[in-house]
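Here are the chains, one letter per residue:
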Amino acid sequence: MKNKQILHDMFYPKQFSKKRYVIHKLTDRFTTFGYQQVETPVFEDYDLYNDVQGTVDTADMLKLVDSSGKVLVLRPDATIPISRYYTNLQEEAISSRLAYVLDIFRSTTEERSRTQAGVELFGERAPEADAELIALAVTSLKELEIPSFKLEIGHATFYKELLREANLTAMQQKQLDQYIQSKNVSEIVPFLKDLGLDATLIEKLRKIPMLYGDADFVIHEAENIISTDRMREELNYLSKVYQLLQDYQVDSYISINLGLINHMNYYSGIIFQGFAEGLGQPIMMGGRYDYLSRSFHRETPAIGFAFEVDLLVQLLTCTLTEQEILRLDYASSERKRAIQLAESLRAANLAVIIHTPKKEKAYTESPELLVNADRLVYSKQQESKEFKTDQEFLDWYIRKDVE
Ligand SMILES: N[C@@H](Cc1c[nH]c[nH+]1)C(=O)O
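Since the structure is predicted, the reported quantities are computational estimates derived from the model, not experimental observations.

Things to note about the site of the ligand
Of all residues adjacent to the ligand, which total 15 residues, the nearest are Asp-77, Thr-79, Glu-120, Tyr-266 and Tyr-267. Within the side chain of Tyr-267, a nitrogen or oxygen atom sits 2.6 Å from a nitrogen atom of the ligand. Taking Phe-305, its main chain carries an N or O atom lying 3.3 Å from a nitrogen atom of the ligand. Relative to its free-state accessible area of 310 Å², the ligand is covered by the protein chains to the extent of 98%. At the level of elements, strand S6 (113-122), strand S11 (284-288) and strand S12 (302-308) are the ones that each hand at least two residues to the shell around the ligand. At 3 residues, the largest contribution of residues to the shell around the ligand is made by S12.

Encoded structure:
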């Protein structure tokens, strides 16, 4: 049976090279969209999360106590500390586009820790900013060749506007969120009737789980349930973002889902989640969180997303070519020469192991080089080749895989 206490599953070399590839691709792409990478501490004050409203449930955090009795948590979210960092340092001309690759620790996830790669964009509230950020997410997934993925775009408060006057308790709201998320239409109506809500309001709320799919259809249908100016403004905003995504030519990867619920409740506007075929959980999530920074005593609009790196690694279909490792052996008189040869190869970014016993199974297919006083003998499986000088070998070996 799988041990559920395992903190982070071991990544073996093959898997890890996939993880490294995913991280490399994502961070390179983030850079080309102007994001600069940051890192936040693993251990954080419990109070940071306790004070910030609507963040990770305190029960889900992994806590520890330091030697002075102070309660710390293992970083349960990246958006909150990065938002605090940006808000506090705003005057010091730091970039308003920050990226990260960080492990996130939550006791609710089976592995307890997972790697997220994400971006946060501060200081802008405009459909153009949202569209560019969403286009970045799509471009990244396309480049990783993630098969059949979709991004669902919704809104954190659109349907909650309908409930303004209903004064639901937090528990009731949570229950309703669950029904909407699971599109459990048959339970929604009796639940809302029991709460004594007005029949027209119930009728509108009942439609929410159906507001998903093709953008033009959803936006048109959503117009029929609008009851406040705020709802109209937000729907127009969403529609503008969608038009921009058409210009980015990524609209075929997008669907609108006004019943989308994100678990972090710092979101205040557009939200999104990415899904890949055959995987029940989202591979990315994000959204606009314009008011989180109020907790840090300044207001800065912001939007961001995070990819679940470990899930992307599972979905990777491309085959990565592993770097071959040359095993270098030498006649005892040639030790110094062999060491220098290894140095030259490593300077050209090639992998070399000097004089190791040939017992590891993984290396039985590795090429070998024997350095003798009068010649160098290269062999790989059945093939072998001889060289008179070190330079002759280096010239050949360094270029052999380059067409
Ligand atoms: N921090 C969010 C993802 C996100 C990044 N930026 C905005 N949202 C999460 O872990 O779900």
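Regarding the pairing of strand S4 (residues 71-74)
Pairing analysis gives 3 bridges linking strand S2 (residues 43-45) to S4, with the strands arranged antiparallel. Across the sheet, residue Asp-45 finds its bridge partner in S4, namely Leu-72. Here strand S3 (residues 63-65) runs beside S4; their pairing, made up of 3 bridges, is antiparallel. Its bridge partner being in S4, Leu-64 is matched across the sheet by Leu-72. Where S3 folds back on S4, the antiparallel hairpin that results is connected by 5 residues, among which Gly-69 adopts a positive phi of roughly 95 degrees.

Description of helix H4 (residues 127-143)
Taking 1.5 Å per residue as the helical rise, H4 with its 17 residues ought to reach 24 Å, and the 24 Å between its terminal C-alpha atoms agrees with that figure. The buried count for H4 comes to 12 of 17 residues, which makes it a mostly enclosed element. Residues of H4 that are buried include every one of Pro-127, Ala-129, Asp-130, Ala-131, Leu-133, Ile-134, Ala-135, Leu-136, Ala-137, Val-138, Ser-140 and Leu-141, and no others.

A closer look at unusual backbone geometry
Glycine aside, residues mostly have negative phi angles, and peptide bonds mostly take the trans form. Of note in the backbone geometry, Ser-148 takes a positive phi value of approximately 40 degrees without being a glycine. Counting through the fold element by element, Ser-148 comes out in the loop between H4 and strand S7 (149-155). Owing to a relative accessible area of 47%, Ser-148 belongs among the partly exposed residues under this scheme. In this structure, Asn-349 is a non-glycine residue whose phi angle is positive, near 65 degrees. Within the secondary structure layout, Asn-349 lies in the loop between helix H12 (335-347) and strand S14 (351-354).

Notes on helix H1 (residues 13-32)
Quick reminder: α-helices carry 3.6 residues per turn. Residues three or four places apart thus point the same way. For H1, built from 20 residues, the straight-helix expectation of 28 Å at 1.5 Å per residue is met to within 8% by its first-to-last C-alpha distance of 28 Å. Of the positions making up H1, those classed as buried are Lys-19, Val-22, Leu-26, Thr-27 and Phe-30. Taken around the axis of H1, the buried residues stretch over an arc of 120 degrees, which confines them to a single face. For H1, exposure combined with an orientation more than 90 degrees from the buried face picks out Pro-13, Lys-14, Arg-20, Thr-31 and Thr-32. On its buried face, H1 is in contact with strand S1 (36-37), strand S5 (97-105), S6, H4, S12 and helix H11 (309-315). Positioned one or two residues after H1, Gly-34 has a phi angle of 85 degrees, which is positive.

A closer look at the packing of aromatic side chains
Across all of its chains, the model carries 17 aromatic pairs by this definition. A centroid spacing of 6.2 Å and a plane angle of 70 degrees characterise the contact between Phe-30 and Phe-305, whose relative ring orientation is edge-to-face. Taken together, the residues span a long stretch of sequence, with Phe-30 in helix H1 and Phe-305 in strand S12 at a distance of 275 residues. Since its relative accessible area comes to 1%, Phe-30 is described here as buried. Taken together through their ring pairs, the aromatic side chains of Tyr-86, Phe-122, Tyr-266, Tyr-267 and Tyr-289 make up a single cluster. Positioned above the aromatic ring of Tyr-237, the side-chain terminus of Arg-125 is 4.9 Å from the ring centre. Above the plane of the ring of Tyr-212 lies Lys-183, whose end atom (NZ or CZ) is 4.2 Å from the centre.

Some remarks on the environment of Arg-29
Inspection of the secondary structure puts Arg-29 in helix H1. The spacing of Arg-29 and Ala-137 is 108 residues in sequence and 9.4 Å in space, taken between C-alpha atoms. Those residues in contact with Arg-29, other than ones at most four positions away along the chain, are Leu-136, Thr-139, Ser-140 and Glu-143.

Reading guide: rules and limits
- Residues numbered from 1 in each chain as written.
- Predicted model: local features only at pLDDT ≥ 70, side-chain atom pairs only at ≥ 80, totals over all residues.
- Heavy atoms only, no water.
- Near = heavy atom within 4 Å.
- Polar contact = N/O pair within 3.5 Å; in protein donor to acceptor, adjacent residues only side chain to side chain.
- Areas by Shrake-Rupley, 256 points an atom, 1.4 Å probe, with all protein chains shown as cover.
- Helix = DSSP H or I, 4+ residues; strand = E, 2+ residues; numbered from the N terminus.
- Pairing = 2+ DSSP bridges.
- Expected span 1.5 Å × (residues − 1).
- Buried < 20%, exposed > 50% of the residue type's maximum accessible area, 1.4 Å probe, protein only.
- Arc of directions from axis to C-beta.
- Contact = heavy atoms within 4.5 Å.
- Phe/Tyr/Trp six-rings, centres within 6.5 Å; stacked < 30°, edge-to-face > 60°.
- Lys NZ or Arg CZ within 6 Å of the ring centre and 35° of its normal.

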